[in-house]
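Chain residues, written in single-letter form:
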Amino acid sequence: MRSWVRSLALVVVTVVGVMPRSALAIPAFARKYRVSCMQCHAPVPRLNAFGEAFAGNGFEFAVGEPPRDTVATGDALLRLQSDLPLAIRYDAYLRGLTKATGNDNAIDFQTPWVIKLLSGGQVADKISYYIYFLLMERGEVAGLEDAYLQFTDVAGTGVSLIVGQFQVSDPLFKRELRLEYEDYQAYRVRVGLATADLTYDRGITGLWSPREGTDLAFELVNGRGLNQASGNRQYDGDNGKSGFVRLSQDIGSLRVGAFGYRGKESEGGVRNTISMWGPDATVPLGSFGEFNLSFVRRTDSDPFFGTCSTATPCPGNVTSPFSTTVNSGFAEAVFWPQGPTGRLFFTALYNWVDSDQPVVSLRLGEQDEGTGYLSKYQTATGGIHYLLKRNVRLMGEAGWDFERENMRLVLGTMLAF
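The present account deals with the structure reproduced in this document. Worth saying up front: this structure is predicted, and the values here are computed from it rather than measured.

### Some words on helix H3 (residues 49-56)
- Among the residues of H3, those classed as buried are Gly51, Glu52, Phe54 and Ala55. Down the axis of H3, the sector holding all buried residues measures 160 degrees, keeping them to one side.
- At its buried positions, H3 is contacted by helix H2 (27-33) and strand S4 (143-151).
- Positive backbone phi, approximately 80 degrees, marks Gly58, located one or two places after H3.

### What to know about the environment of Gln150
- Following the sequence through the fold, Gln150 ends up in strand S4.
- Through-space distance from the C-alpha of Gln150 to that of Gly278 is 27 Å; in sequence the pair is 128 residues apart.
- Here Thr152 takes part through its side chain, which lies 3.3 Å from a polar atom of the side chain of Gln150.

### Regarding the state of the cysteines
- Going through the model one piece at a time under the given rule, you end up with one disulfide.
- Put simply, Cys308 and Cys314 are joined by a disulfide, and their sulfur atoms are 1.9 Å apart. On the sign convention where negative means left-handed, the S-S torsion of about -100 degrees between Cys308 and Cys314 marks this disulfide as left-handed.
- A relative accessible area of 5% means that Cys308 is categorised as buried.
- Note on Cys314: relative accessible area 6%, which makes it buried.

### Brief notes about the nonpolar core
- With 23 residues, the main nonpolar core has Ile26, Phe54, Phe59, Leu118, Tyr130, Tyr132 and Tyr148 as its most contacted residues.
- Looking at this core, the elements with two or more residues in it are H2, H3, strand S2 (107-124), strand S3 (127-137), strand S5 (160-167), strand S6 (200-211) and strand S7 (214-221).
- Ile26 has contacts with Ala87, Leu118, Ser119, Gly120 and Tyr130, leaving out every residue within four places of it along the chain.
- Counting 18 residues, the second-largest nonpolar core is a separate cluster that includes Ala196, Phe259, Phe305 and Phe330.

### Some words on unusual backbone geometry
- Cis geometry is found at the peptide bond from Val44 to Pro45, where omega equals 5 degrees.
- Within the element layout of this structure, Pro45 appears in the loop between H2 and H3.
- A cis amide bond links Thr111 with the next residue in sequence, Pro112, at an omega value of -5 degrees.
- Within the chain, Arg233 stands out as a residue other than glycine whose phi angle is a positive 65 degrees.
- With respect to the helices and strands, Arg233 occurs in the loop between S7 and strand S8 (242-251).
- The class for Arg233 is exposed, based on a relative accessible area of 79%.

### Here's the deal with the packing of aromatic side chains
- Tallied over the full model, the rule gives 12 aromatic pairs.
- A centroid spacing of 5.7 Å and a plane angle of 85 degrees characterise the contact between Phe304 and Tyr373, whose relative ring orientation is edge-to-face. Note that Phe304 is positioned in the loop between strand S11 (289-300) and strand S12 (324-335) and Tyr373 in the loop between strand S13 (344-355) and strand S14 (376-389), a separation of 69 residues in sequence.
- Its relative accessible area of 29% is what places Tyr373 among the partly exposed residues.
- Residue placement shows Lys116 over the ring face of Tyr132; its charged tip is 4.6 Å from the ring centre.
- Against the face of Tyr235 rests Arg202, its NZ or CZ located 3.6 Å from the ring centre.

### Description of the pairing of strand S16 (residues 406-416)
- Residues Asn406, Arg408, Val410, Gly412, Met414 and Ala416 of S16 are buried on one face, while the alternating residues Met407, Leu409, Leu411, Thr413 and Leu415, pointing to the opposite face, are not.
- Sheet topology note: the strand S1 (residues 87-97)/S16 ladder contains nine bridges and is antiparallel. Bridging from a neighbouring strand, Arg95 pairs with Val410 of S16.
- By the bridge criterion, 10 bridges tie strand S15 (residues 392-401) to S16 in an arrangement that is antiparallel. The partner of Met395 across the bridge, within S16, is Gly412.
- Here S15 folds back onto S16, and the loop between the two strands holds four residues, one of which, Glu405, carries a positive phi near 50 degrees.

### Overview of the pattern of salt bridges
- Evaluation of the coordinates by the stated rule reveals 23 salt bridges.
- Across the pair Lys174 and Asp146 runs a salt bridge, and its minimum N-O distance is 3.9 Å. Within this pair, whereas Lys174 is found in the loop between S5 and S6, its partner Asp146 is found in strand S4, the two being separated by 28 residues in sequence.
- For Lys174, a relative accessible area of 2% puts it in the buried group.
- Looking at Asp146, the relative accessible area reads 1%, which means it is buried.
- Where Glu182 meets Arg408, a salt bridge forms, and the shortest distance between an N and an O atom there is 2.8 Å. With a gap of 226 residues between them, Glu182 in the loop between S5 and S6 and Arg408 in strand S16 connect regions that are remote in the sequence.

### A closer look at the side chain of His385
- Position of His385 among the secondary structure elements: in strand S14.
- Within the structure, the side chain of His385 is placed 2.9 Å from the side chain of Thr347, a separation counted as a polar contact.
- Side-chain polar atoms of His385 contact the side chain of Arg393, separated by 3.0 Å.
- Residues in contact with His385, not counting those within four places in the same chain, are Leu179, Arg343, Leu344, Phe345, Thr347, Arg393, Leu394 and Met395.

Reading the values: rules and limits
- Residues numbered from 1 in each chain as written.
- Predicted model: local features only at pLDDT ≥ 70, side-chain atom pairs only at ≥ 80, totals over all residues.
- Heavy atoms only, no water.
- Buried < 20%, exposed > 50% of the residue type's maximum accessible area, 1.4 Å probe, protein only.
- Helix = DSSP H or I, 4+ residues; strand = E, 2+ residues; numbered from the N terminus.
- Arc of directions from axis to C-beta.
- Contact = heavy atoms within 4.5 Å.
- Polar contact = N/O pair within 3.5 Å; in protein donor to acceptor, adjacent residues only side chain to side chain.
- Disulfide = S-S within 2.5 Å.
- Core = buried A, V, L, I, M, F, W, Y, C linked by side-chain atoms within 4.5 Å.
- Phe/Tyr/Trp six-rings, centres within 6.5 Å; stacked < 30°, edge-to-face > 60°.
- Lys NZ or Arg CZ within 6 Å of the ring centre and 35° of its normal.
- Pairing = 2+ DSSP bridges.
- Salt bridge = Lys/Arg side-chain N within 4 Å of Asp/Glu carboxyl O.

Right, dumping it as structure tokens:
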């Protein structure tokens, strides 16, 4: 049996899902409600069940609750917050490699690695916003990533709409809430010259819970990522839009989920059809942790948009258009031996990407060994996390890259205020 079939079978056997998570709770909300960060996080930035519900309510304890910290303007049509809610997240790391290859060095001070300016809150009853600006990411000013409006319980239907910039994979597992330095690489896979993946895009999301324990998420996005507008002031380069749907269902204390994605991307008059699907899972480990799984199978009909020729062969020396299949996924375990409100946490994360051709973009991570594409990516990491304070987390992580036979060691801190 092929390796991807075995991996998929393992996921299907234990498949369970997570509820859609619409945003990060931030220290500005703790200041507004005068509560500890542990009200929503376990640990920061990972959301607990209360934090997920708070985000789903449009950053309120309850939908339609009386306004807090607002200015009494005397105008019933105006809800104005007394202070602009702002928060900062700061991530810094010391990274070491046991074997420096290519353009890598053995030790790197990644300080700071990320600085985010975050803001969110209500602008009207059942209308809220969330944005964060990357003041610095990997040494550059990266600009806006999450930036959207949320319309909660539209017309009393129970449907919430999110409009703006967000991650396509948010209804699955939210990358911004992970504890690890290593990413959820399956969501970052790009193939050939295609720009679509399961990270950031522009569009609209609909969230609906038709009954207790059942959740639906629908998305319609450009399928181009966070590209800049063209000369004619358009974000999308073609008429096609990409659709995403996810269904999840409670099964006792577990939760079952699966998603599908379909889109078309055109360049130079050539169309590439992109399909992705897969199950995801969260298995509670008693009262001391949880186990998360996600699998993604992606197919592209022509990821190099007809550019493969004898004069300019594509990866693998292919000289004519070809289709590709990429299977990927991750398994994650989070343990809290002192309970979810304790100070000590352990993590383990396994990433796996397997392509039938060397067509996977090197944006996956530390693969800076010249131009080209990957056909395989496989890493395993283990980490320890300690809350020095509720909003200051220290961490250490050791990871092994199976393809490069290299170990990565990371020490770091994340604080929010």
